[in-house]
Amino acid sequence: MSNVEREVQEHVESGSTKIHFDQQCFGKNWILQSNKQEQVDHFICLICKQVANNPVEINCNQHKDMNETFIVGENCLKKFLNDNNNKCPIEFHDGCQYYKLYEMQKQINQLNVICQRQFEDETKEIKEQVDGDIMVICDFKGKIQDMNEHLNNQCKLKVLDCWFKQFGCDHSYSDRDLKQHLVDNMEQHFNIVIKKFEYMQKIIEQQRDEIKQLKSEKGIEVEKLEEEIKLNNNNEEKKENDQLI
Ligand SMILES: [Zn+2]
Ligand SMILES: [Zn+2]
Ligand SMILES: [Zn+2]
Ligand SMILES: [Zn+2]
C-alpha cells in the first residue's frame with residue numbers, strides 16, 4: 001500500500017456490510033419467514049441448528065441402533081471433523097461415515113424465501129430498534145436455488161464499490177448507501193483524487209529524470225564506440241598502406 005492510500009484509509013470512516021451466500025447452512029429464521037415450522041423441521045443441521053445446506057446423513061456402524069437420523073450440513077460436518085481430529089460428532093469415535101442426501105437437497109432448494117439481504121437488514125433494524133416502518137428495498141421472492149443468482153445480479157441491496165476505489169477509497173455500499181456516501185464524502189474524495197494526481201506527477205518527473213540519465217549514459221557509450229571505430233579504421237588504413245609499400 002502506498003502512503004497516499006494509507007492516508008486515505010485513515011481519512012474515511014469504515015463500515016461495509018458484505019453478505020456471503022456460499023456453502024454454509026441457511027438461517028432458520030430467514031427461511032421461517034416464508035415457510036411453516038414443520039416444513040423445515042426435518043432439515044435442521046445437528047451442528048448449527050439452522051437449515052442444512054448440502055445435507056448429509058451420518059451413518060456409522062458404531063451407533064447404528066440409535067433410532068434417530070443424524071442430518072448435518074456438509075460444511076458444518078467438515079468443519080467439525082477438521083476441528084476435532086476427525087472424531088464423529090455423535091459419539092466421538094474415529095472413521096465417521098456419512099452420505100449425501102441429494103433428494104433432501106432438492107427439497108431444500110425448492111423452499112420459498114425472501115431476499116436474504118433484505119431479511120438481514122430488517123433483523124438489524126429490529127435489533128437496533130430503529131424507529132419507523134421497516135423499508136423494503138429489495139422485494140425479491142423466490143426459491144433458495146435462485147438466491148445466489150439474485151444476490152449477485154438483480155438485488156437492489158447489492159453491494160457496490162465506491163466510485164473512487166481506484167483512488168484508494170476502499171468502501172462498498174448498497175445502491176442507496178453509496179449515493180449517501182458520495183454526498184457525505186465529497187471533500188475526502190476530492191482530496192484523494194488530488195493526492196493521487198500529485199503522486200502521479202511525481203512519478204512522471206522521476207521517470208523523466210531517469211530517461212534523461214539513460215540518454216546521457218547512452219550518449220557517452222556511443223561516443224566511445226565511435227572513437228573505437230575511428231581508431232580501428234585508422235589502423236586498417238595503416239595496415240593497407242604498409243602492405244602497399
Ligand atoms: Zn450446519
Ligand atoms: Zn459416528
Ligand atoms: Zn435482494
Ligand atoms: Zn468513497
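Everything here concerns the structure above.
Nothing here was measured: the structure is a model prediction, and the numbers come from that model.

Caption draft 1: Highlighting the coordination of the zinc ion (ligand 2). Coordination of the zinc ion (ligand 2) by the protein involves Cys60 (SG), His63 (NE2), Cys88 (SG) and His93 (NE2), with metal-donor separations of 2.0 to 2.4 Å. Coordination geometry of the zinc ion (ligand 2): the 4 donor atoms subtend angles of 104 to 119° at the metal centre, consistent with an arrangement described as tetrahedral. In primary-sequence terms, the residues that donate to the zinc ion (ligand 2) follow C-x2-H-x24-C-x4-H.

Caption draft 2: Inspection of the side chain of Arg117 at higher detail. Structurally, Arg117 is set in helix H6 (residues 116-127). Look at Arg117: it is buried, it has no salt bridge, and the nearest opposite charge is Asp121 at 7.8 Å. One polar contact links the side chain of Arg117 to the main-chain carbonyl oxygen of Leu151, over a distance of 3.0 Å.

Caption draft 3: Region of interest: helix H4 (residues 74-83). Every buried residue of H4 is accounted for by Glu74, Cys76, Leu77, Phe80 and Leu81. Viewed end-on, H4 has its buried residues packed into an arc of 160°, placing them on one side of the element. Facing away from the buried side of H4 by more than 90 degrees, the exposed set consists of Lys79, Asn82 and Asp83. Downstream of H4 by a residue or two, Asn85 has a phi angle that is positive, lying close to 55°.

Caption draft 4: Summary view of a negative patch on the surface. Among the surface-exposed residues, Glu223, Glu226, Glu227 and Glu228 lie close enough to one another that they form a single negatively charged patch. Looking at Glu223, the relative accessible area reads 53%, which means it is exposed.

Caption draft 5: Fine view of the sheet that holds strand S2 (residues 70-73). The strand order across the open sheet built from 3 strands is S2-S1-S3, with neighbouring strands paired in antiparallel fashion. Both outer strands of the open sheet, S2 and strand S3 (98-100), are each paired with one neighbouring strand and no more. Direction aside, the axes of adjacent strands within the sheet are offset by 35° on average. Where strand S1 (residues 55-58) meets S2, 4 bridges bridge the pair, whose relative direction is antiparallel. Note on S2: the bridge partner recorded for Pro55 is Gly73.

Caption draft 6: Focus on the pattern of salt bridges. In this structure the tally under the stated criterion is 6 salt bridges. Here Lys79 ties to Asp83 by a salt bridge, and the two come within 3.0 Å at their closest N and O atoms. Taken as a pair, Lys79 and Asp83 lie in helix H4 at a separation of 4 residues, close to a single helical turn. Neither Lys79 nor Asp83 differs from the other in exposure class; each is exposed. Bridged by salt links that share partners, the residues Glu74, Lys78 and Lys100 form one connected network.

Conventions and cut-offs
Residues numbered from 1 in each chain as written. Chains lettered and ligands numbered in written order. Predicted model: local features only at pLDDT ≥ 70, side-chain atom pairs only at ≥ 80, totals over all residues. Heavy atoms only, no water. Donors = N, O, S within 2.8 Å, 3.2 Å for Na, K, Ca; no water. Tetrahedral: all angles 85-135°; square planar, octahedral: opposite > 155°, others 65-115°. Helix = DSSP H or I, 4+ residues; strand = E, 2+ residues; numbered from the N terminus. Buried < 20%, exposed > 50% of the residue type's maximum accessible area, 1.4 Å probe, protein only. Lys, Arg positive; Asp, Glu negative; His and termini not counted. Salt bridge = Lys/Arg side-chain N within 4 Å of Asp/Glu carboxyl O. Polar contact = N/O pair within 3.5 Å; in protein donor to acceptor, adjacent residues only side chain to side chain. Arc of directions from axis to C-beta. Patch = residues over 30% accessible without salt bridge, like charges linked within 9 Å, V, L, I, M, F, W, Y side chains within 5 Å. Areas by Shrake-Rupley, 256 points an atom, 1.4 Å probe, with all protein chains shown as cover. Charge placed at Lys NZ, Arg CZ, Asp CG, Glu CD. Pairing = 2+ DSSP bridges. Axes fitted to C-alpha atoms, helices over the stretch in contact; angles between N-to-C directions.

Just geometry here; none of it tells us what the structure is for.
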